[in-house]
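This is what each chain is made of:
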Amino acid sequence: PVHRNRAEYAWLSAAASIVPGAVPQLCGWSAAQNGFAMEYLAGPDIRLWKADLLAGRAPPLAVQVGDTLGRIHAASTRPGFDRTPFANMADFEALRIEPYLRFAATRHPALAARLGALADGLAAADVALVHGDVSPKNILLRARGPVLLDAECATMGDPAFDPAFCLNHLILKAIHLPAHRHALLD
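Residues numbered from 1 in each chain as written. Predicted model: local features only at pLDDT ≥ 70, side-chain atom pairs only at ≥ 80, totals over all residues. Heavy atoms only, no water.

### Focus: the overall build of the protein chain
Phase 1 of the analysis: Of the regular secondary structure elements, the protein chain holds seven helices and seven strands.
Phase 2 of the analysis: In the protein chain, the succession of α and β elements from N to C terminus is α-β-β-β-α-α-α-α-β-β-β-β-α-α.
Phase 3 of the analysis: For 186 residues, the compact-globule estimate of 2.2 N^0.38 gives 16 Å, and the C-alpha radius of gyration of the protein chain, at 17 Å, lies within 12% of that figure.
Phase 4 of the analysis: For the C-alpha atoms alone, the extent of the protein chain along its principal axes is close to 50 × 40 × 30 Å.
Phase 5 of the analysis: Among the 186 residues that make up the protein chain, the fraction classed as buried is 44%.
Phase 6 of the analysis: Summing over all exposed atoms, the protein chain offers an accessible surface of approximately 9800 Å²; the carbon and sulfur share of this is 61%.
Phase 7 of the analysis: Positive and negative charge centroids in the protein chain, built from 17 and 17 side chains respectively, lie 4 Å apart. (Helix = DSSP H or I, 4+ residues; strand = E, 2+ residues; numbered from the N terminus. Rg over C-alpha atoms; globule rule 2.2 N^0.38 Å. Buried < 20%, exposed > 50% of the residue type's maximum accessible area, 1.4 Å probe, protein only. Areas by Shrake-Rupley, 256 points an atom, 1.4 Å probe, with all protein chains shown as cover. Lys, Arg positive; Asp, Glu negative; His and termini not counted. Charge placed at Lys NZ, Arg CZ, Asp CG, Glu CD.)

Take a look at the structure:
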């Protein structure tokens with residue numbers, strides 16, 4: 001659904017004000033087109049983190065990504081933060097909770113109660129601004145730090161989700177690339 005780009009634009013706007021340079025610059029929102037334009041990042045100094053990981057180059061980016069997320073999460077818990085654009089738990093449920101946890105529970109009955117409890121906890125959480133798709137495929141690398149993209153399922157939720165989602169991808173890459181396992185796990 002195209003309405004998800006509103007949450008993405010709102011997340012990018014909030015993130016830009018909290019951690020300048022951590023997201024592409026926004027050019028504007030069009031209600032008529034139900035979309036937005038943003039800076040196009042390209043060039044020899046811009047790389048996709050996923051591509052670096054798959055090529056066996058594991059830059060120590062996790063700390064910078066974690067710091068960026070932590071600053072965004074913390075700022076979103078302060079009085080005065082406008083939570084209104086992030087009332088998107090239905091999208092988060094459809095894009096993250098149901099396919100990752102509730103579906104897995106149907107395939108693994110022995111884990112169903114634990115997965116269900118985790119899913120219910122995430123669905124009920126309303127703690128901080130969550131990006132919802134922090135993975136190496138959505139993080140560009142540039143000299144001054146990581147650039148986060150693709151926040152279409154941003155919502156107010158459990159801030160633990162973002163680093164857990166990213167770490168899950170790094171663990172899967174460590175399994176996929178055994179020669180680079182130690183670097184990825186570090």
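Having seen the structure, we can now continue with the description.
### Digging into the nonpolar core
Phase 1 of the analysis: Core analysis: the biggest nonpolar cluster contains 32 residues, and Trp11, Trp49, Phe86 and Leu129 have the highest contact counts within it.
Phase 2 of the analysis: Of all elements in the fold, only α1 (4-18), α2 (49-54), α3 (62-75), β5 (139-142) and α6 (161-176) reach the threshold of two or more residues within this core.
Phase 3 of the analysis: No other element matches the seven residues that α1 contributes to this core.
Phase 4 of the analysis: Leave out the neighbours within four places in its chain, and phenylalanine 86 touches Ala7, Ala10, Trp11, Ala14, Phe81, Leu129, Ala154, Thr155 and Met156. (Core = buried A, V, L, I, M, F, W, Y, C linked by side-chain atoms within 4.5 Å. Contact = heavy atoms within 4.5 Å.)

### Overview of unusual backbone geometry
Negative phi values dominate among residues other than glycine, just as trans dominates among peptide bonds.
Phase 1 of the analysis: Despite not being glycine, asparagine 34 has its phi angle at roughly 50°, a positive value.
Phase 2 of the analysis: Position of asparagine 34 among the secondary structure elements: in the loop between β1 (26-30) and β2 (35-38).
Phase 3 of the analysis: The class for asparagine 34 is buried, based on a relative accessible area of 18%.
Phase 4 of the analysis: Despite not being glycine, aspartate 150 has its phi angle at roughly 60°, a positive value.
Phase 5 of the analysis: Relative to the helices and strands, aspartate 150 is located in the loop between β6 (145-148) and β7 (155-157).

### Some thoughts on the pattern of salt bridges
Proximity of charged atoms lets side chains of opposite charge pair with each other.
Phase 1 of the analysis: In total, this model carries eight salt bridges according to the counting rule given.
Phase 2 of the analysis: Between arginine 47 and aspartate 52 there is a salt bridge, with its nearest N and O atoms 2.8 Å apart.
Phase 3 of the analysis: By relative accessible area, which is 36% here, arginine 47 ends up partly exposed.
Phase 4 of the analysis: For aspartate 52, a relative accessible area of 2% translates into the label buried.
Phase 5 of the analysis: Residue arginine 102 is joined to aspartate 120 by a salt bridge in which the shortest nitrogen-to-oxygen separation is 3.0 Å. Of this pair, arginine 102 sits in helix α4 (residues 89-107) while aspartate 120 is found in helix α5 (residues 112-124), placing the two residues 18 residues apart along the sequence.
Phase 6 of the analysis: Of the residues examined, arginine 102 reaches a relative accessible area of 27% and is grouped as partly exposed.
Phase 7 of the analysis: Given the relative accessible area of 45%, aspartate 120 is considered partly exposed.
Phase 8 of the analysis: Connected through shared salt-bridge partners, Glu93, Arg102 and Asp120 make up one network. (Salt bridge = Lys/Arg side-chain N within 4 Å of Asp/Glu carboxyl O.)

### Remarks on a nonpolar patch on the surface
Phase 1 of the analysis: Judged by side-chain polarity, Leu167, Ile171, Leu172, Ile175 and Leu185 come together as a nonpolar surface patch covering roughly 490 Å² of accessible area.
Phase 2 of the analysis: Sort the elements by how many residues they give to the nonpolar patch and α6 lands first, with four residues.
Phase 3 of the analysis: Tracing the sequence through the fold places isoleucine 171 in helix α6.
Phase 4 of the analysis: Under the relative-accessibility criterion, isoleucine 171 is labelled partly exposed at 45%. (Patch = residues over 30% accessible without salt bridge, like charges linked within 9 Å, V, L, I, M, F, W, Y side chains within 5 Å.)

### Details of the pairing of β6
Phase 1 of the analysis: Taken together, the four bridges between β5 and β6 define a ladder with antiparallel strand orientation. Each bridged residue has a counterpart across the sheet, and for isoleucine 139 the counterpart in β6 is leucine 148. (Pairing = 2+ DSSP bridges.)

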